[in-house]
Amino acid sequence: MNGKTQYFRDTWAEIDLDALYKNVKTIRDGLPRETKLFAAVKANAYGHGDFQIAQEALKAGAHGLVVALLDEALALRQKGIDAPILVLGLIRPTDASVAARHHISVPAFQMDWLKEASQAMESGDPPLKVHIKCDTGMGRIGLKNEKELKEIEHYINNNDSFELEGIFTHFATADQSEENYYLQQLGAFKKLVSSLETPPEYVHAANSAGALCHNDSMFNAVRVGIAIYGLSTSQERPPHIKGKQVFSLHTAIVHVKKIQPGECIGYGAGYQAKKEEWIATIPVGYADGWLRMLEGQRVIADGHRANIVGRICMDQTMIKLPHYMPVGTKVTLIGGQGSDEFITVEEIAEKLQTINYEVTCTINFRVPRLYKRGSRLLGVDNKLLSEDE
Ligand SMILES: Cc1ncc(COP(=O)(O)O)c(C=O)c1O
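The structure presented is a predicted model; accordingly, all values stated were derived computationally and were not measured.

1. Looking at the site of the ligand
Close to the ligand lie Lys-42, Tyr-46, Leu-88, Arg-140, His-170, Asn-207, Ser-208, Arg-223, Val-224, Gly-225, Ile-226 and Tyr-357, which account for all nearby residues. Interatomic distance of 2.6 Å between a side-chain N/O atom of Tyr-46 and an oxygen atom of the ligand. Arg-223 has a polar side-chain atom sitting 2.8 Å from a nitrogen atom of the ligand. In isolation the ligand offers 400 Å² of accessible surface; the protein chains occlude 92% of this area.

Written out as structure tokens, the structure reads:
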């Protein structure tokens, strides 16, 4: 872990690696022994930092990793991760050789794609490991019936460019209490798998909701994302394992002032004080992913509740304090400070009328990530600076 990179702003995300380790281990221990856990670290590990999360998840018992893009997989390889990595999205067939050379597995389900990929492979390349993707009801990518499956399996098994490593599908409704659609998908996938001539090494279908809420969805591998970050899979079907939130977001007061009744705050003069009030400015805004819809949201300032007043600006936000607090006071936007107040990612998602996934993914590269074990700072990842200043 790079512990040297600096940051020069008072807004940061803290990533609790103890919590991540514990979440992965608890989920791993709850799975059948033979079921392999692939940690989903796509989208910079849902905003937590792909390399650091990948390392910790593998230490805690994850067998491999899944990402969305070939670039994400290559970035992990460049940083020294040598565990199995599966790209979930389609790569360009012309990039088959790059994936093969870096031992990165990819999905396959179209004959044309396989033929083009086969042509793109270079002499000396190891076989490209492929997982056949089945569309059993997600409607995104994948083949849909036994005829297509048999053709694809036959082509892969008779072409030295490829190695059939896995077969998988993805559930659309594993997090819902209504089970019919889930059962339909499960049945369709089982039928497809049983029609294979030779079962490959990995057969997988479950995401977090599948792995935590449906014992029948395991096969021999699962792809778990949201749950390893200690976030809930859904309100509708809460899993039996409750993890600890890994992500928190903090900033510090940069300016404090007392305003008089009638004075206004922010663009559009959107907030007007009714009485004398203490107003503080914090250096975070919608350009960080702290979105304008969060106007009115509570934050925690020195353990006390405070509220955002006025419109959120691109880089700054104003809060109304319960009493005077000095410049430098820590303000927590997501997470806690050890007082009774705690702000969950889900609370922010509700305010934004979205899902928890979107919240941590949206806090972007402008916000440095600080990696912690207990209260010990292990390193900083500041995507704005590549070297020590
Ligand atoms: C194909 C696939 N598998 C697994 C996952 C992980 O899902 P979750 O974060 O709900 O565990 C995702 C996430 O979107 C996905 O697209």
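Having seen it, we continue.
2. A word on the packing of aromatic side chains
Counted according to the given criterion, the structure contains 7 aromatic pairs. Put simply, the rings of Tyr-46, Tyr-229 and Tyr-357 touch in pairs and so form one group of aromatic residues.

3. Here's the deal with the UniProt feature "domain: Alanine racemase C-terminal" (unreviewed entry) in the chain
Under the present numbering, the feature "domain: Alanine racemase C-terminal" (unreviewed entry) in UniProt falls on residues 246-372. The straight-line gap between the two end C-alpha atoms of residues 246-372 is 10 Å; of that span, 11% is helix and 39% is strand.

4. Focus: the packing of helix H6 (residues 111-120) against helix H7 (residues 146-157)
The N-to-C vectors of H6 and H7 enclose an angle of 10°; their axes lie 10 Å apart at closest approach. Accordingly, the angle class assigned to the pair H6 and H7 is roughly parallel. Between H6 and H7 the crossing geometry is right-handed. The segment H6 lies against H7, with Met-111, Leu-114, Lys-115 and Ser-118 engaging Glu-151, Ile-152, Tyr-155 and Ile-156. Residues that form the contact of H6 with H7 fall into these classes: 5 nonpolar, 1 polar and 2 charged.

5. Structural notes on helix H8 (residues 180-194)
Spanning 15 residues, H8 covers 21 Å between terminal C-alpha atoms, matching the ideal 21 Å at 1.5 Å per step. Where H8 is buried, its residues touch H7, strand S7 (162-168) and strand S8 (202-204).

6. Observations regarding the side chain of Ser-105
Structurally, Ser-105 is set in strand S5 (residues 104-108). Not counting residues up to four positions away in its chain, the partners in contact with Ser-105 are Ile-85, Leu-86, Val-87, Lys-129, His-131 and Glu-165.

Quick notes on the rules
Residues numbered from 1 in each chain as written. Predicted model: local features only at pLDDT ≥ 70, side-chain atom pairs only at ≥ 80, totals over all residues. Heavy atoms only, no water. Near = heavy atom within 4 Å. Polar contact = N/O pair within 3.5 Å; in protein donor to acceptor, adjacent residues only side chain to side chain. Areas by Shrake-Rupley, 256 points an atom, 1.4 Å probe, with all protein chains shown as cover. Phe/Tyr/Trp six-rings, centres within 6.5 Å; stacked < 30°, edge-to-face > 60°. UniProt positions renumbered as here; feature names shortened; annotations may be inferred. Helix = DSSP H or I, 4+ residues; strand = E, 2+ residues; numbered from the N terminus. Axes fitted to C-alpha atoms, helices over the stretch in contact; angles between N-to-C directions. Parallel < 35°, antiparallel > 145°, perpendicular 65-115°, else oblique. Left-handed = near helix turned anticlockwise from the far one by under 90°. Contact = heavy atoms within 4.5 Å. Nonpolar A, V, L, I, M, F, W, Y, C, P; charged D, E, K, R; others polar. Expected span 1.5 Å × (residues − 1).

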